[in-house]
Amino acid sequence: MTRCLAALGALVLAAPLAAQSFPTDDPVLPQIWAEGMERSRAADLAQVLMDSIGPRLTGTPGQQAANAWAVSTYGAWGVQARAVPYGTWRGWRRGITHVDLVSPRVRSLEATMLAWSPGTKGTVVEGAALVLPDVADSAAFVTWLPQAKGRFVLISVPQPTCRPDSSVKAFAKGDAFDRMVKERRAQREAWDARLKRTGLEARDLPVALERAGAKGVVTSTWSGGWGVTRIFGARTERVPTLDLSCEDYGLVFRLAERRQSPVLRVRAEAEFLGEVPVANVIAEIRGVERPDEYVILSAHFDSWDGGSGATDNGTGTITMMEAMRILRQVYPRPKRTILVGHWGGEEQGLNGSRAWAADNPKVVEGLQALFNQDNGTGRIVSLSAQGFTGAGAFLAKWLSRVPRELNDGIDLGLPGAPGRGGTDNASFVCYGAPAFNLGSLHWEYFTYTWHTNRDTYDKVMPEELRQNATLAAMLAYLASEDPERVPRDRRVLTGQGPAAAWPTCSSPARTSQESTR
């Protein structure tokens, strides 16, 4: 059951909108407000992380540099922090990617390699572009495979238009929009059938093309927005996997499909570094009354590297860093121990947080509350009790003490449903520990910034980032000070299948060999 906080009878919100009007006379909350809203460091921290350090793909120098920066920054604030190893991962360094169409005309293409892709070994590679054929069955595909030798093979569906649906709907006449939607669907379904007839899973197709002697594999994963493509991981081991923008992929696809002899010239730099250590960054302000009970601020630190990892999850990272800075300034002697977990390997299956929870059972046992944020730059608009039937009263009580500017419009889900793996609070919920997710206003997150080439600093909304950090600091303070423990009573789940049972804890992949990649 989800209710807006304004509808909860248990909440008594301050009537005035002025920031100085607090629902309680607690002297610490105005200090948190002043530090977080009037002396914020959030935008400056975000700029360094996203512009200077950049993306933080697991196993890359970028991730290691970010960990070192976070530890150093916390140290400068007087907060104890350390990088805590949880395993190793496939080390890789991205270099420059440059892809040109050189025939039948010249155009530099908007392109990048997928993560962990091999490069071209310091050379320029040139070859014809070829569309994956529409074969009758797997035997016909095997017969065709030798034709991939020496060519760049296109394996993604092209789009009939790279205009977003919203654009077509706004300007098209008559039933043109409906026809376009049907064309997209038909093209997608036909392409899926084409892939299926090869007899290979999507993950295995690039490997088969590589073994057949292809010079590279070309993909395009359009998000549905203007100029946006998603950059995930490569499957090839010896030749590059290249992602083109929707527009440029469509160009090359049409040329190849209509036998107009497109030729690509590629230089792509990449270096494999072997298995390298990977770590979470843990920061701590030790509790003075109940040091073995914990409040955790949580966000994953790793990212994909098509952009700068700004809203996934640089903004969550900065929210929690800034919250900890605020608390160090105004609440340096908390009742309970306050931790920040900057998790690694979330994008590969919550590996960092799952490993840390498994390695720290006493912290999980002593957890008062965990607050996680991982869905973009927008202000917090939802908070679920995650299926803990007694937690709602605590969340409502804490939120009722927060200024209206910070809690207005937050939907409180009671009792909610337990997280099952979408983000890092699920690594604690599975143990029956009260771990909550702070859900943000979407700001077109899934269309424009989630795992995309456009996830960059300019997409951050500084005012909402500042607000989120201040809210997180207040929630951590209130959870720390509460004289009672948050109960762990769980709702009774009903129905069929996995959703009918409380989620079980999954083992983390502690090496890249353990991952299904």
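About the cut-offs
- Residues numbered from 1 in each chain as written.
- Predicted model: local features only at pLDDT ≥ 70, side-chain atom pairs only at ≥ 80, totals over all residues.
- Heavy atoms only, no water.
- Disulfide = S-S within 2.5 Å.
- Helix = DSSP H or I, 4+ residues; strand = E, 2+ residues; numbered from the N terminus.
- Buried < 20%, exposed > 50% of the residue type's maximum accessible area, 1.4 Å probe, protein only.
- Core = buried A, V, L, I, M, F, W, Y, C linked by side-chain atoms within 4.5 Å.
- Contact = heavy atoms within 4.5 Å.

1. Observations concerning the state of the cysteines
Item 1. Taken as a whole and judged by the stated rule, the model has two disulfides.
Item 2. One disulfide bridge connects Cys 162 with Cys 246, the sulfur atoms lying 2.1 Å from each other. Where Cys 162 bonds to Cys 246 through sulfur, the torsion about that S-S bond is close to -85°, and the disulfide is left-handed. In this pair, Cys 162 is assigned in the loop between strand S6 (152-154) and helix H5 (165-171) and Cys 246 in helix H8 (residues 246-257), connecting sequence segments 84 residues apart. Judged on exposure class, the residue Cys 162 and its partner Cys 246 are both buried.
Item 3. The disulfide partner of Cys 430 is Cys 505, and the gap between their sulfur atoms is 2.1 Å. Of note, the bridge from Cys 430 to Cys 505 carries an S-S torsion of about 105° and is right-handed in sense. You can see Cys 430 sitting in the loop between helix H14 (426-429) and strand S15 (435-440) and its partner Cys 505 sitting in the segment after helix H16 (462-481), a full 75 residues away along the chain.
Item 4. For Cys 430, a relative accessible area of 13% corresponds to the buried category.
Item 5. The class for Cys 505 is partly exposed, based on a relative accessible area of 31%.

2. What to know about the nonpolar core
Item 1. Counting 86 residues, the largest nonpolar core has Ile 318, Leu 327, Phe 371, Trp 398 and Phe 428 as the members making the most contacts within it.
Item 2. The greatest single-element share of this core, amounting to ten residues, is contributed by H16.
Item 3. Leu 327 has contacts with Ile 32, Ile 285, Leu 297, Pro 332, Ile 338, Ala 473, Ala 476 and Tyr 477, leaving out every residue within four places of it along the chain.
Item 4. Residues Tyr 86, Phe 141, Trp 191 and Phe 253 belong to the second largest nonpolar core, which totals 48 residues.

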